[in-house]
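# Structure assessment
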Amino acid sequence: MEDMWLECIRCRKKFPWNIVIYTCDHCGALLDVKYHFEEPKPERWREKPLSVWRYEDFLPRVREKVSLNEGGTSLHRCKRLAEKLGVENIWVKNEGENPTGSFKDRGMTVGVSLAKELGSRTVACASTGNTSASLAAYAAKAGLKCVVMIPSGKIALGKLAQAIMYGALVLAVEGNFDQALSLVEQSSKRLGLYILNSLNPYRLEGQKTIAFEVIEQLGQPPDAIILPVGNAGNISAIHKGIVEWKQLGLIEQVPRLIGIQAEGAAPIAHAYKKKEKEVVFVENPETVATAIRIGKPVNWEKALRAVYDTNGAAETVTDEQILQAQKLLARTEGIFVEPASAASIAGLVKLLDAGLVDKNERIVCVTTGHGLKDPDTPIRTCEKPIQIKPDLEAIEKIVAQ
Ligand code: F0G
């Protein structure tokens, strides 16, 4: 594919698309996938169903697509939530509707297809849960061996259930996500593992389709997109999609990208607040939202670029605010998301209170993972079922209360 190559985001060094490389051998920064795009022809995709591969004109070309029918998630207009928050227009892009219940599937359909294209036999990742669930599923579909490294005792039950059911080799590392990712990176060369964490530029190509879908579902770009940030791949991917469509003349206005981190794991939000160009890593990240319990986000440089280039922002929310937002969304809109996803709603509430988001803005919150991924949280935070005898009077008494 002469029209596609990899390029360092810092020193711009170019690499062929078909070598296994994740960082620049000159300066160490991450890489982007670059293309010589042809003039876009919307009629080529308008008839296709909403999905990742609807946008294949903007994705790497592969001989075989490893797909479970990902993307095409709902953009819910949230009238009751908007009313509660005193604003006009809120939509939720519910990525929990993907095949394994998170946005990671968008990345994996492209990333695992590339793994096959490049002849890899074994794929691997470190994960706070969703990446491992998704990679395990796509590896199974592709017939590849899969190794996942998770922080021991710190991933939600549903995600662990998925990874083991799909047949991955699951290694529970006695350490946090950042340590697990470092181990994956160190062992990849020696063991011939193809890494599918978000430092793999091809994975982000799939995830950029969130931006395309939102734009097409709304008929135009929103004013702001708010999303949770952990390893910071998703905000970087959405930014890349928006920039590409802007450069191709498919959109005029660029939405502000606003990343939300949990207070105990917020290196990017802290850097943004100080208007820094570099981040200070957090050694012992902690949050109830285990999916984003990350102190050393590999994509920090791409993420800061996304925030600064779009006049966006990065904000922190407390665990309490996350859990409240999770209930609020479930109980006003019927959308049950996992705690990390609720960070986007919690962030919106905080930014509205602080006047940093305008009440008239058209806002899209991305909810990244399904609530059933983490059944322990509602069991801990919600009302317990009321135990009763099988007796009509007892029921009447309680229901009439
Ligand atoms: N929301 C959920 C539900 C996630 O699982 C993650 C990341 C994020 C948000 C943050 O996305 O890393 O692109 O900034 N989960 C990864 C994992 C780290 O291993 O599943 P990001």
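Residue numbers run consecutively from 1 along every chain, following the written order of its sequence. Given that the model is predicted, a residue must reach a pLDDT of at least 70 before its local features are reported, and side-chain atom pairs must reach 80 or more before they are shown or counted; all residues, however, enter totals for whole chains, interfaces and linings. Computation of side-chain values covers all heavy atoms of the structure but excludes hydrogens and water.

## Quick notes on the environment of Pro 221
The topology assignment puts Pro 221 in the loop between helix 7 (209–218) and strand 10 (224–228). Using a relative accessible area of 7% as the deciding quantity, one classes Pro 221 as buried. Secondary structure elements are defined from DSSP: runs of H or I of at least 4 residues count as helices, runs of E of at least 2 residues count as strands, and each element is numbered from the N terminus. Classification of residues uses two cut-offs on accessible area relative to the type maximum, computed with a 1.4 Å probe and protein chains only: under 20% is buried, over 50% is exposed, and between them is partly exposed.

## A closer look at the sheet that holds strand 6 (residues 122–126)
At least two DSSP bridges between two strands are needed for those strands to be called paired. On the basis of which strands lie adjacent, the open sheet formed by four strands has the order 8-7-6-9 and parallel pairing. The open sheet terminates on both sides in strands that have one partner only, identified here as strand 8 (169–173) and strand 9 (193–195). Strand after strand, the sheet turns through a mean of 25° between neighbouring axes, direction not considered. Taken together, the five bridges between strand 6 and strand 7 (residues 145–151) define a ladder with parallel strand orientation. Bridging from a neighbouring strand, Ala 124 pairs with Val 147 of strand 7. The angle between two axes is taken between their N-to-C directions and runs from 0 to 180 degrees, where each axis is a line fitted to C-alpha atoms and a helix contributes only its stretch in contact.

## Structural notes on a nonpolar patch on the surface
Judged by side-chain polarity, Ile 386, Ile 388, Leu 392, Ile 395, Ile 398 and Val 399 come together as a nonpolar surface patch covering roughly 560 Å² of accessible area. Mapping Val 399 onto the fold places it in helix 14 (residues 392–400). Judged by relative accessible area, which is 65%, Val 399 ranks as exposed. Patch building starts from residues that exceed 30% relative accessible area and form no salt bridge, then joins like charges within 9 Å and nonpolar side chains (Val, Leu, Ile, Met, Phe, Trp, Tyr) within 5 Å. Method for areas: the Shrake-Rupley scheme with a 1.4 Å probe, in which residue coverage is limited to the protein chains shown. A side-chain nitrogen of Lys or Arg and a carboxyl oxygen of Asp or Glu constitute a salt bridge if their distance falls within 4 Å.

## A few points about the packing of helix 3 (residues 130–142) against helix 4 (residues 157–165)
Where helix 3 meets helix 4, the axes come as close as 8 Å, and the angle between the chain directions of the two elements is 25°. Between helix 3 and helix 4, the angle falls in the class roughly parallel. In the crossing of helix 3 with helix 4, the sense of the turn from one axis to the other is left-handed. Contact residues: helix 3 offers Asn 130, Ser 132, Ala 133 and Ala 136, while helix 4 offers Lys 159, Gln 162 and Ala 163. For the contact of helix 3 with helix 4, a count of residues per class yields three nonpolar, three polar and one charged. Oblique is the label for any angle not covered by the other classes, which are roughly parallel (under 35 degrees), roughly antiparallel (over 145) and roughly perpendicular (65 to 115). It is the rotation of the near helix from the far one that decides the hand of a crossing: anticlockwise by less than a right angle makes it left-handed, clockwise makes it right-handed. Contacts are residue-level and defined by heavy atoms, with any inter-residue pair within 4.5 Å sufficient. Note on residue classes: Ala, Val, Leu, Ile, Met, Phe, Trp, Tyr, Cys and Pro are nonpolar, Asp, Glu, Lys and Arg are charged, and everything else, Gly too, is polar.

## Thoughts on the domain arrangement of the protein
Taken domain by domain, the protein comprises domain 1 (1–36), domain 2 (75–100 + 203–381) and domain 3 (102–201). For each domain, the first and last residues come from an automatic or database assignment. One C-alpha centre belongs to domain 1, the other to domain 3, and the line joining them spans 22 Å. Contacts between the two partners involve ten residues from domain 1, matched on the other side by nine residues from domain 3. Buried area: the accessible area, evaluated with a 1.4 Å probe, that two parts lose upon being put together, summed over both parts. For the pairing of domain 1 and domain 3, the buried interface totals around 760 Å² over both sides, and the portion due to carbon and sulfur atoms is 78%. Contact with domain 3 buries surface across domain 1, with Trp 17, Val 20 and Tyr 22 losing the most and accounting together for 61% of the total. If you look at where domain 1 meets domain 3, you find zero salt bridges. A 3.5 Å cut-off defines polar contacts: any pair of N or O atoms within that distance qualifies, except that in protein one atom must be a possible hydrogen donor and the other a possible acceptor, and neighbouring residues in sequence count only when both atoms are side-chain atoms. At the boundary of domain 1 with domain 3, the tally comes to one residue pair in polar contact (both at pLDDT 80 or more). It is strand 3 (residues 31–35) that contributes the most residues to the side of domain 1 that touches domain 3, three residues altogether. Among the residues making up the side of domain 1 that touches domain 3, the classes are represented as eight nonpolar, one polar and one charged.

## Section: the site of the ligand
Residues are labelled near a given molecule or strand when at least one of their non-hydrogen atoms is within 4 Å of it. Taken together, 21 residues lie near the ligand, and Thr 128, Gly 230, Asn 231, Ala 232 and Thr 368 sit nearest. In the model, an oxygen atom of the ligand is placed 2.7 Å from a nitrogen or oxygen of the Gly 230 main chain. Gly 233 places a main-chain nitrogen or oxygen 3.1 Å from an oxygen atom of the ligand. When its residues are assigned to classes, the shell around the ligand shows eight nonpolar, eleven polar and two charged. Inspection of the shell around the ligand shows a minimum of three residues originating in each of domain 2 (75–100 + 203–381) and domain 3 (102–201).

## A look at the pattern of salt bridges
Under the definition given, this model contains 29 salt bridges. The residue Lys 350 makes a salt bridge to Glu 315 at a minimum N-O spacing of 3.2 Å. Taken together, the residues span a long stretch of sequence, with Lys 350 in helix 12 (residues 339–353) and Glu 315 in strand 12 (residues 313–317) at a distance of 35 residues.

## A word on the pairing of strand 7
Among the seven residues of strand 7, six are classified as buried, and the element is accordingly described as predominantly covered. Strand direction decides the pairing type here: strand 7 and strand 8, joined by five bridges, are parallel. In the strand pairing of strand 8, Val 147 is matched with Leu 169.

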